[in-house]
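Given next are the chains, with one letter for each unit.
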Amino acid sequence: CDDAVRRRLRLLTPLVKLYTAKVAVQVTQEAMEAHGGVGYLETSGLPALFRDTNVLPIWEGTTNVLSVDVLRVLQETKGRALAELAAAV
């Protein structure tokens, strides 16, 4: 990988981790609600999945840590990583 790709990956990785963890929580919560009372029964498997997804944001790094990672990349590259990402998209 060249340096520009590395910078983009360092910028995108924390953002993707945070986004996917939060979406997983929303999706499993919606699935439980869609199944009504059955969704809350342990035999459905949804409560365990819901508990597992609620831990994802912690396992993948708290919001503050991920924010610091993004800010660190922006500071180290003097904003170049964001400009390169915007140009690549």
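Just above, that's the structure.
A few points on the structure. Fair warning: this is a prediction, and the values are worked out from it, not measured in the lab.

Overview of unusual backbone geometry
- The residue Lys78 is not glycine, and still its phi comes out positive at about 55°.
- Among the residues examined, Lys78 registers a relative accessible area of 76% and is labelled exposed.

Examining helix H2 (residues 46–59)
- If you check H2, its first and last C-alpha atoms are 20 Å apart, about what 14 residues at 1.5 Å a residue would give, namely 20 Å.
- Residues Leu46, Pro47, Thr53 and Pro57 constitute the buried set of H2. In an axial view of H2, the angular spread of the buried residues amounts to 125°, which keeps them on one side of the axis. Exposed and oriented more than 90 degrees from the buried face of H2 are Ile58 and Trp59.

Cut-offs used in this document
Residues numbered from 1 in each chain as written. Predicted model: local features only at pLDDT ≥ 70, side-chain atom pairs only at ≥ 80, totals over all residues. Heavy atoms only, no water. Buried < 20%, exposed > 50% of the residue type's maximum accessible area, 1.4 Å probe, protein only. Helix = DSSP H or I, 4+ residues; strand = E, 2+ residues; numbered from the N terminus. Expected span 1.5 Å × (residues − 1). Arc of directions from axis to C-beta.

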